[in-house]
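# Commentary on secondary and tertiary structure
The primary structure of each chain is shown beneath.
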Amino acid sequence: MEMTLANVLPLAFMAVMGLALLAYVVLDGYDLGVGMLLPFATDAEKDTMVSSIGPFWDANETWLVLGVGVLLVCFPMAHGVVLSALYAPATVMLLGLILRGVAFDFRVKARDAHKTAWNRTFAAGSLVTTLAQGWMLGAYVTGFAGGLWPTLFAAGIAATLPAAYCMLGAGWLLMKTEGDLQRKALAWGRAVLWPMALALGAISLATPLVSHTVFEKWFALPQLFVLLPIPLACAAALFAIHHVLHTPRIVNAGYGWIVFVATVAVFLLAFFGLAYSLYPYIVIDRITVWQAASATESLAVVAVGVGIALPAIVAYTIFMYRVFWGKAKALTYGL
């Protein structure tokens, strides 16, 4: 391919959009997972769990805004197709995010009689948001095809994502908490490990069956042997998670972060596998990256803004995590 702005800029913005959405899935994924785990903790533990994500959860959603913004501005044709097909689940996701936002603030300031209701609302908003995101991903991978099998595939991913996010949340709590809550996080991680692993395996096998394009990319030779390290690395990451979760002394020695990092590795491997499967399409089998892109002149102007905003977001995110790192304590608000 000739190295011209018309060819390179759409790929660059596709990479920015993909990495922004990956950052959102990982960063907002763990706080959605913590939210879904909230009903299984005591009242005091709930305060600590919310405190562990308090400084981060709002900023984590910045990456979703960036990813969707790039899709809207840089790939308007794809934006119309994607959001038209996903209007209902996107609306449900936004409602879930609104529930979380309202419940997060009100649970701290509410009277004791109402605090339980806001805790349940926060957990429900987390679950609804996760299910909607899973359905959207499943529909996107199938190219928004109708019929029984694509619908079942989307439903399968929707059912899988809560377990994956709960594993991220459990790994986060292993790093950020101690004592009884940390031991509970170990138990929660063990509870969702096998559902997550089995569901990921089933979806990995089903994806080539619902998409001929994906099948050709993964099972033709010699690509099959070149891509083999991806599932092997994923299996190694799952084994590391299993080993740490079933060996509490590793967590007590300060290595609970392995669970979180290994789960993030699974997400990264899945992301790169999906990116390889879809390329060069932005809507599989329908619209390529270059067909969907805005005019080259428009992309060049947008590149200036993204070149300023993206480093600022990355720097702020790193700074925020450095400032608020350490063990979490119960969250309280001054009145």
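Because the structure is a prediction, the values reported are computed rather than measured. (Residues numbered from 1 in each chain as written. Predicted model: local features only at pLDDT ≥ 70, side-chain atom pairs only at ≥ 80, totals over all residues. Heavy atoms only, no water.)

Our focus in this paragraph is the environment of Pro39. Counting through the fold element by element, Pro39 comes out in the loop between helix H1 (5–37) and helix H2 (43–53). Once the C-alpha coordinates of Pro39 and Ala123 are considered, the two residues, 84 residues apart in sequence, prove to be 7.0 Å apart. Filtering out sequence-adjacent residues up to four positions away, Pro39 remains in contact with Lys46 and Ala123. (Helix = DSSP H or I, 4+ residues; strand = E, 2+ residues; numbered from the N terminus. Contact = heavy atoms within 4.5 Å.)

For the rest of this paragraph, the subject is the confidence of the model for the chain. Of all residues in the chain, 97% attain a pLDDT of 70 or more, and the chain-wide mean is 87. Predicted confidence in the chain is weakest over helix H11 (residues 223–227), with a mean pLDDT of 72, and strongest over helix H12 (residues 229–245), with 92. (pLDDT = per-residue confidence, 0-100.)

We now examine the packing of H2 against helix H9 (residues 179–210). Relative orientation of the contacting elements H2 and H9 amounts to 80°, with a least axis distance of 11 Å. For the element pair H2 / H9, the angle class is roughly perpendicular. In this structure, H2 uses Glu45, Thr48 and Met49 to contact H9, whose residues at the interface are Asp180, Leu181, Lys184 and Trp188. The class makeup of the residues in the contact of H2 with H9 is three nonpolar, one polar and three charged. (Axes fitted to C-alpha atoms, helices over the stretch in contact; angles between N-to-C directions. Parallel < 35°, antiparallel > 145°, perpendicular 65-115°, else oblique. Nonpolar A, V, L, I, M, F, W, Y, C, P; charged D, E, K, R; others polar.)

That bond from Tyr279 to Pro280 is cis: its omega, 5°, falls within 30 degrees of zero. Here Pro280 shows up in the loop between helix H14 (257–278) and strand E1 (281–283). In the Ramachandran plot, Phe144 falls in the positive-phi region, its phi being about 60° despite a non-glycine side chain. Note on placement: Phe144 falls in the loop between helix H7 (112–141) and helix H8 (148–176).

Okay, the side chain of Thr130 next. Relative to the helices and strands, Thr130 resides in helix H7. Relative accessible area serves as the criterion here: at 0%, Thr130 is assigned to the buried category. A polar atom in the side chain of Thr130 sits 2.8 Å from the backbone oxygen of Ser126. (Buried < 20%, exposed > 50% of the residue type's maximum accessible area, 1.4 Å probe, protein only. Polar contact = N/O pair within 3.5 Å; in protein donor to acceptor, adjacent residues only side chain to side chain.)

Our focus in this paragraph is the nonpolar core. Judged by nonpolar contacts, the single largest core of 95 residues is most densely connected at Tyr30, Met49, Phe75, Trp172 and Ile282. With 15 residues, the top contributor of residues to this core is H1. In this view, Phe75 contacts Pro10, Phe13, Met14, Val70, Ile282, Val289, Ala292, Ala293 and Ser294; residues no more than four positions away in its chain are not counted. (Core = buried A, V, L, I, M, F, W, Y, C linked by side-chain atoms within 4.5 Å.)

Another point: the packing of aromatic side chains. Following the criterion strictly, the structure yields 15 aromatic pairs and no others. Judged by centre distance (6.3 Å) and plane angle (15°), the rings of Tyr165 and Phe267 are stacked. With Tyr165 in helix H8 and Phe267 in helix H14, this pair connects stretches of sequence that are 102 residues apart. What makes Tyr165 buried here is its relative accessible area of 1%. Between Trp172 and Phe260, the aromatic rings sit 5.9 Å apart at their centres with planes inclined by 55°, giving tilted as the arrangement. Residue Trp172 is located in helix H8, and its partner Phe260 is located in helix H14; the two are separated by 88 residues in the primary sequence. Accessibility assignment for this pair places Trp172 and Phe260 in one class, buried. The aromatic ring of Trp325 is capped on one face by Lys176, whose charged end is 5.1 Å from the ring centroid. (Phe/Tyr/Trp six-rings, centres within 6.5 Å; stacked < 30°, edge-to-face > 60°. Lys NZ or Arg CZ within 6 Å of the ring centre and 35° of its normal.)

Bringing the pattern of salt bridges into the picture now. Inspection of every chain in the model, using the stated rule, returns four salt bridges. Here Glu45 and Lys184 are joined by a salt bridge, their closest N and O atoms 2.9 Å apart. Of this pair, Glu45 sits in helix H2 while Lys184 sits in helix H9; the two residues are 139 residues apart in sequence, bridging distant segments of the chain. Residue classification places Glu45 among the buried residues on the basis of a relative accessible area of 11%. On the basis of relative accessibility, which here comes to 27%, the residue Lys184 falls in the partly exposed class. (Salt bridge = Lys/Arg side-chain N within 4 Å of Asp/Glu carboxyl O.)

Summed over all chains, the structure comprises zero disulfides. The thiol of Cys234 is unpaired, and the distance to the nearest cysteine sulfur, on Cys166, comes to 18 Å. With a relative accessible area of 18%, Cys234 lands in the buried category. (Disulfide = S-S within 2.5 Å.)

Before going further, it helps to spend a moment on H2. Taking burial as the measure, the eleven residues of H2 include nine buried ones, the bulk of the element. Residues of H2 that are buried: Glu45, Lys46, Asp47, Thr48, Met49, Val50, Ser51, Ser52 and Ile53.

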